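Descriptive structure summary
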Amino acid sequence: MKQFFKLYKIEQKLFFRSVDVFIFNLCMPVITLFLIGLIVGSKMAGDSGLTYLESSFAAISTVGICCSAFMSIPIVMVDYRDKKILKHFYCSPCSPARLLFVDMLCSGVMAALSAICVTITACAGFGYRMSGNVIIYIGAWLLTMISMFSIGLLVAALCKTVKSMNVAASLLYFPMLLFSGATIPVELFPKSLQLVAGYLPLGVGIRLMKGVSAGIPVAAMGREILILTLIAAVCITTAVKTFRWE
Amino acid sequence: MEKSFEMDNGAAQKFAKIEFFPLTLPFRGGCKILLEKDKEDFFMDKTCIDVKNAAKEYDGRRVVDGLSFTVCSGEVFGLLGHNGAGKTTTIEMILGLKKPDFGELELFGLEAAKHRKEIFEKVGVQFQSSSYQAAIRVGEVCEEYASLYRKPADYQSLLKQFGLEKLTKSPVMKLSGGERQRLSVVLALIGNPEVIFLDELTTGLDVAARREVWRTLKKLKKQGLTIFLTTHYMEEAEALCDRICILKKGKKVIEGTVGEILQSSPYRTLEEAYLWYMGETVEDSEKEEADNNEAIL
């Protein structure tokens, strides 16, 4: 345990040293929420029954997840493999899997920090209060995170080179960020684009979180929960089978 | 007469039967104990690395071909050869990173890939041209690797031994090539290993730095460390190695102490003897290296 925490402490420090993480994970979501809150915060968002602020709160809480899952995780894993760091761990009594797990944990912490910053902005800046159950909301957020992380893991496992991983990560990150409703409110999209957003994995997670934050009972969100769980199960099993240490 | 014999400290599983001989041997009061495993070990130095008929093929090219050698505990063993001769592949097969197409490679009598947790507590490795996490500092990378072992060495004293103690807080990215190479040796030693593998150890170091590293390795050898190294530099092989093995295109050309190898050649220096064994002049060896490099690419 002590060994695990030593490793975790050092890897987490490294995450905080990256400027990209600071900008994309922390600054960007806070600024986006701030702008939306300021411009259209109190208007009703389409026919969802929520204001733009309430709707965007749930959506923007997933920006950190998006950044961690589709940028951090694949980049870190493929980079470590490329630099023979995983090879070195393979030649130690500790499995490289421990390092990868630690990095996933660090990414999760960064995503959580992002969600916390967004929450503080919404509550302190705009007086937001959630009508749904906070504990269930956190559960929905965690499920979305695990599901998206599993996709990132799969990308890391399948991409053999840093170049192909950069392409894959960008192809995942930007569309998910822009078209799933994580930043631009999905209610502003035309009907056809709203349909697309509904099919993107992150879009499913956002729909779940919006519903839970609005107080819709968990039983009514069964379809979203099932889809996210299935994504996680399939991606994790495939990733574990196909991952190469070098 | 055969009977099983119970001994303490776990030696029981190694003993399969005791044969009683009528004539007393000066050993255990007249009985010769036969071990099921490691029979020869009992009568000579403990074998650390054992390679038997190893072979590996890439794209139809035999990179390692019928290679056999053993390395005993406490000795410094050098694997010499041109680029592409199969040195790194041999190390990777011993460490279980690559599976041999044929043959057995054992570390401490076990296959590394199947007993990783046990074996790698006693093994340190330094790879050619490895790099580290961006933005990590020297002290942090030492702490990180130390956290992988049950009984790690004091990394600060290791850094001091290799002249890196002033760079503990520096980012690894800012180290010079020589400093990086020394750091990689520190990391190989950080788990307090019994055997270390050094792949092209002093490539990129200036003469003074190289001598410094040799001095430290010789000191560690006196403390019982087994060293398996690959090198291009003949003076390094002469300075450090107890025994060497020369590889050409994956096949063993000769194995023995430096003295033995020199004796069976018409030359006095290891470099000339090496070229003679490779069956070539200086121009031939450069051409073959170029061919091997092309084949790899």
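Under the annotation held in an unreviewed UniProt entry, chain A carries the name Transport permease protein and is attributed to Fusibacillus kribbianus. In its Sequence similarities (unreviewed entry) section, the UniProt record describing chain A reads: "Belongs to the ABC-2 integral membrane protein family."

Here's the deal with the overall build of chain A
Along the backbone of chain A there are eleven helices and zero strands. Against the 2.2 N^0.38 benchmark of 18 Å for 246 residues, chain A shows a C-alpha radius of gyration of 18 Å, consistent with a compact globule. Buried positions account for 52% of the 246 residues belonging to chain A. As displayed, chain A has an accessible area near 11,000 Å², and 74% of this comes from carbon and sulfur atoms. The centroid of the 20 positive side-chain charges in chain A is displaced by 7 Å from the centroid of its 10 negative side-chain charges.

Some remarks on the packing of aromatic side chains
Summed over the entire model, instances satisfying the criterion amount to 13 aromatic pairs over all chains. Their ring planes at 45° and their centres at 6.1 Å tell us that Phe4 of chain A and Phe101 of chain A sit as a pair that is tilted. With Phe4 of chain A in helix α1 (residues 2–16) and Phe101 of chain A in helix α6 (residues 96–126), the pair connects residues that are 97 residues apart, well separated along the chain. On the basis of relative accessibility, which here comes to 15%, the residue Phe4 of chain A falls in the buried class. Ring centres of Phe89 of chain A and Tyr145 of chain B lie 5.7 Å apart, and the angle between their planes is 55°; this geometry places the pair in the tilted category. With one member in each of two chains, Phe89 of chain A in helix α5 (residues 85–90) and Tyr145 of chain B in helix α3 (residues 138–146) form a pair that bridges those chains. Accessibility expressed as a relative area gives 2% for Tyr145 of chain B, which makes it buried. Put simply, the rings of Phe69, Phe77, Phe197 and Phe228 of chain B touch in pairs and so form one group of aromatic residues. Above the ring of Phe243 of chain A, the side-chain terminus of Arg81 of chain A is found at 5.2 Å from the ring centroid. Its end group placed over the ring of Phe127 of chain B, Lys87 of chain A keeps NZ or CZ at 4.5 Å from the ring centre.

Some details on the environment of Lys287 of chain B
Among the structural elements, Lys287 of chain B can be located in helix α10 (residues 282–296). Distance in space between the C-alpha atoms of Lys287 of chain B and Glu260 of chain B is 28 Å, their sequence separation being 27 residues.

Structural notes on the environment of Asp59 of chain B
All names here are of chain B. In this fold, Asp59 is placed in the loop between β3 (47–58) and β4 (61–72). Since its relative accessible area comes to 83%, Asp59 is described here as exposed. Between the C-alpha atoms of Asp59 and Ile91, which are 32 residues apart in sequence, the distance is 20 Å.

A short note on the interface of chain A and chain B
Of the residues lining the interface, 25 residues belong to chain A; the matching set on chain B comes to 30 residues. Summed over both partners, the interface of chain A with chain B buries about 2,700 Å², with 57% contributed by carbon and sulfur atoms. The residue Lys87 of chain A makes a salt bridge to Glu92 of chain B at a minimum N-O spacing of 2.8 Å. Put simply, chain A and chain B have 13 residue pairs in polar contact (both at pLDDT 80 or more) between them. Where the side of chain A that touches chain B is concerned, the elements lending two or more residues are α1, α5 and α6 of chain A. Top contributing element to the side of chain A that touches chain B by residue count: α1 of chain A, with eight residues. Across the side of chain A that touches chain B, the residue classes tally to eleven nonpolar, four polar and ten charged.

A look at the sheet that holds strand β11 (residues 251–257) of chain B
All names here are of chain B. Reading across from one edge, β7-β8-β9-β5-β10-β11 is the order of the six strands in this open sheet, with mixed pairing throughout. With one partner strand each, in any of the chains shown, β7 (123–126) and β11 form the two edges of the open sheet. Going from strand to strand, the sheet's axes swing by 15° on average, the running direction of each strand aside. Two strands pair when backbone bridges link them, and β7 and strand β8 (residues 195–199) are joined in this way by four bridges, in the parallel orientation. What sits directly across from Gly124, in β8, is Ile196. Here helix α9 (residues 270–277) sits on the sheet and contacts β5 (76–80), β10 (243–248) and β11; the angle it forms with β10, its principal contact strand, is near 40°.

The rules behind the values
- Residues numbered from 1 in each chain as written.
- Chains lettered and ligands numbered in written order.
- Predicted model: local features only at pLDDT ≥ 70, side-chain atom pairs only at ≥ 80, totals over all residues.
- Heavy atoms only, no water.
- UniProt positions renumbered as here; feature names shortened; annotations may be inferred.
- Helix = DSSP H or I, 4+ residues; strand = E, 2+ residues; numbered from the N terminus.
- Rg over C-alpha atoms; globule rule 2.2 N^0.38 Å.
- Buried < 20%, exposed > 50% of the residue type's maximum accessible area, 1.4 Å probe, protein only.
- Areas by Shrake-Rupley, 256 points an atom, 1.4 Å probe, with all protein chains shown as cover.
- Lys, Arg positive; Asp, Glu negative; His and termini not counted.
- Charge placed at Lys NZ, Arg CZ, Asp CG, Glu CD.
- Phe/Tyr/Trp six-rings, centres within 6.5 Å; stacked < 30°, edge-to-face > 60°.
- Lys NZ or Arg CZ within 6 Å of the ring centre and 35° of its normal.
- Contact = heavy atoms within 4.5 Å.
- Buried area = accessible area lost by both parts, 1.4 Å probe.
- Salt bridge = Lys/Arg side-chain N within 4 Å of Asp/Glu carboxyl O.
- Polar contact = N/O pair within 3.5 Å; in protein donor to acceptor, adjacent residues only side chain to side chain.
- Nonpolar A, V, L, I, M, F, W, Y, C, P; charged D, E, K, R; others polar.
- Pairing = 2+ DSSP bridges.
- Axes fitted to C-alpha atoms, helices over the stretch in contact; angles between N-to-C directions.

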